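# What the coordinates show
Residues per chain, in single letters:
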Amino acid sequence: MAIKQIVMFPDPVLETPCEEVTVFDKKLAKLLNDMYDTMIEFDGVGLAAPQIGIPKRIAVVDIDDEMGTLELINPKLLEVNGSQVGPEGCLSFPGLFGDVERPYSIKVEAQNRKGKKYIIEAEEYLARAILHEMDHLDGVLFTSKVIRYLEEEELEGVEAND
């Protein structure tokens, strides 16, 4: 496994819509493993491929719950319900946090590392984390959705990093 360097804003790859993944091979599996290791190394709960300079529709999410690590390849949003507002941060924007409004619950279709499609339903914090990473795959940054920026003291005990 390898820890990759996080791409920082304003690198243009962060605002570029990503390409679909069409090849599911050992190289993809290694990339997913490296993305997971990188996310953990930098204390994130999610990481999208463009954040390590790769414009592909790939993200990993792990909010340290019973769902474990989610590998989202070519994810598509099928359903949204409700609304929630909560703090978000981003590994590509160190030290920057803000409240963002997102759906309360979602249903997403994605592919796993072998190309098999699956559906995940998520709510609250997991839904927020998945949507944040999916935005990255469309070149959308959380800063375009911030309602109010937060001071670091306001985040005591709150997980907000992607």
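Before reading further, recall that the structure is shown in the block above.
Procedures and definitions
Residues numbered from 1 in each chain as written. Predicted model: local features only at pLDDT ≥ 70, side-chain atom pairs only at ≥ 80, totals over all residues. Heavy atoms only, no water. Pairing = 2+ DSSP bridges. Helix = DSSP H or I, 4+ residues; strand = E, 2+ residues; numbered from the N terminus. Axes fitted to C-alpha atoms, helices over the stretch in contact; angles between N-to-C directions. Contact = heavy atoms within 4.5 Å. Phe/Tyr/Trp six-rings, centres within 6.5 Å; stacked < 30°, edge-to-face > 60°. Buried < 20%, exposed > 50% of the residue type's maximum accessible area, 1.4 Å probe, protein only. Patch = residues over 30% accessible without salt bridge, like charges linked within 9 Å, V, L, I, M, F, W, Y side chains within 5 Å. Areas by Shrake-Rupley, 256 points an atom, 1.4 Å probe, with all protein chains shown as cover. Salt bridge = Lys/Arg side-chain N within 4 Å of Asp/Glu carboxyl O. Lys, Arg positive; Asp, Glu negative; His and termini not counted. Charge placed at Lys NZ, Arg CZ, Asp CG, Glu CD. Core = buried A, V, L, I, M, F, W, Y, C linked by side-chain atoms within 4.5 Å.

All right, on to the sheet that holds strand E5 (residues 93-102) then. Read across the open sheet, the three strands follow the order E4-E5-E8; overall the sheet is antiparallel. Edge positions in the sheet fall to strand E4 (84-90) and strand E8 (146-150), since each of these pairs with one other strand and no more. Mean inter-strand twist for the sheet, computed between neighbouring axes without regard to direction, equals 30°. Most of the contacts of helix H2 (residues 124-137) go to E4, to which it runs at about 50°, and overall it touches E4 and E5.

Take the packing of aromatic side chains next. Scanning the entire structure with this criterion turns up two aromatic pairs. Centre to centre, the rings of Phe9 and Phe93 are 4.9 Å apart; their planes meet at 25°, and the pair counts as stacked. Linking Phe9 in the segment before helix H1 (26-41) with Phe93 in strand E5, this pair joins segments that are 84 residues apart in sequence. Its relative accessible area of 39% is what places Phe9 among the partly exposed residues. A ring pair is formed by Phe93 and Phe142, whose centres lie 5.7 Å apart and whose planes are at 80°; its orientation type is edge-to-face. Of this pair, Phe93 sits in strand E5 while Phe142 sits in the loop between H2 and E8; the two residues are 49 residues apart in sequence, bridging distant segments of the chain. Like Phe93, the residue Phe142 is buried in the burial classification. By the ring-pair criterion, three or more aromatic residues cluster together here, those being Phe9, Phe93 and Phe142.

Here we take up a negative patch on the surface. On the surface, a cluster of negative charge is contributed by Glu151, Glu152, Glu153 and Glu156. Position of Glu151 relative to the elements: it lies in the segment after E8.

Here we come to the sheet that holds strand E3 (residues 70-81). A sheet is described by the order of its strands in space; here five strands give the open sequence E1-E2-E3-E6-E7, paired in antiparallel fashion. Since the sheet does not close on itself, it has two edges, and those belong to strand E1 (46-48) and strand E7 (117-123), each with one partner. Direction aside, the axes of adjacent strands within the sheet are offset by 35° on average. Across the sheet, H1 lies against E1, strand E2 (58-61) and E3, angled at about 45° from E2, the strand it touches most.

The next subject is the nonpolar core. Inside soluble globular proteins, nonpolar side chains tend to come together where they are buried. Of all hydrophobic cores here, the largest spans 20 residues; its most connected members are Val61, Ile106, Leu126 and Ile130. For this core, the element with the highest residue contribution is H2, accounting for seven residues. Here Ile130 is in contact with Val61, Leu70, Leu72, Ile106, Val108, Ile120 and Ala122, once residues within four sequence places are set aside. Formed by 14 residues, the second largest nonpolar core is a distinct cluster that contains Val21, Leu28, Met35 and Met39.

With that settled, the discussion passes to the pattern of salt bridges. Once their charged atoms are close, side chains differing in charge can pair, the charge on each being opposite to the other. Here the structure, examined in full by the defined rule, presents 13 salt bridges. We note a salt bridge from Lys56 to Glu19, for which the minimum N-O separation is 3.4 Å. One end of the pair, Lys56, is in the loop between E1 and E2; the other, Glu19, is in the segment before H1, and 37 residues separate them in sequence. By relative accessible area, which is 28% here, Lys56 ends up partly exposed. For the salt bridge of Glu88 with Arg128, the shortest nitrogen-to-oxygen distance reads 2.7 Å. Of this pair, Glu88 sits in strand E4 while Arg128 sits in helix H2, placing them 40 residues apart in sequence. With respect to class, Glu88 is no different from Arg128; both count as buried. Each member of the salt-bridge network shares a partner with another, and the members are Glu88, Arg102, Arg128, Asp135 and Lys145.

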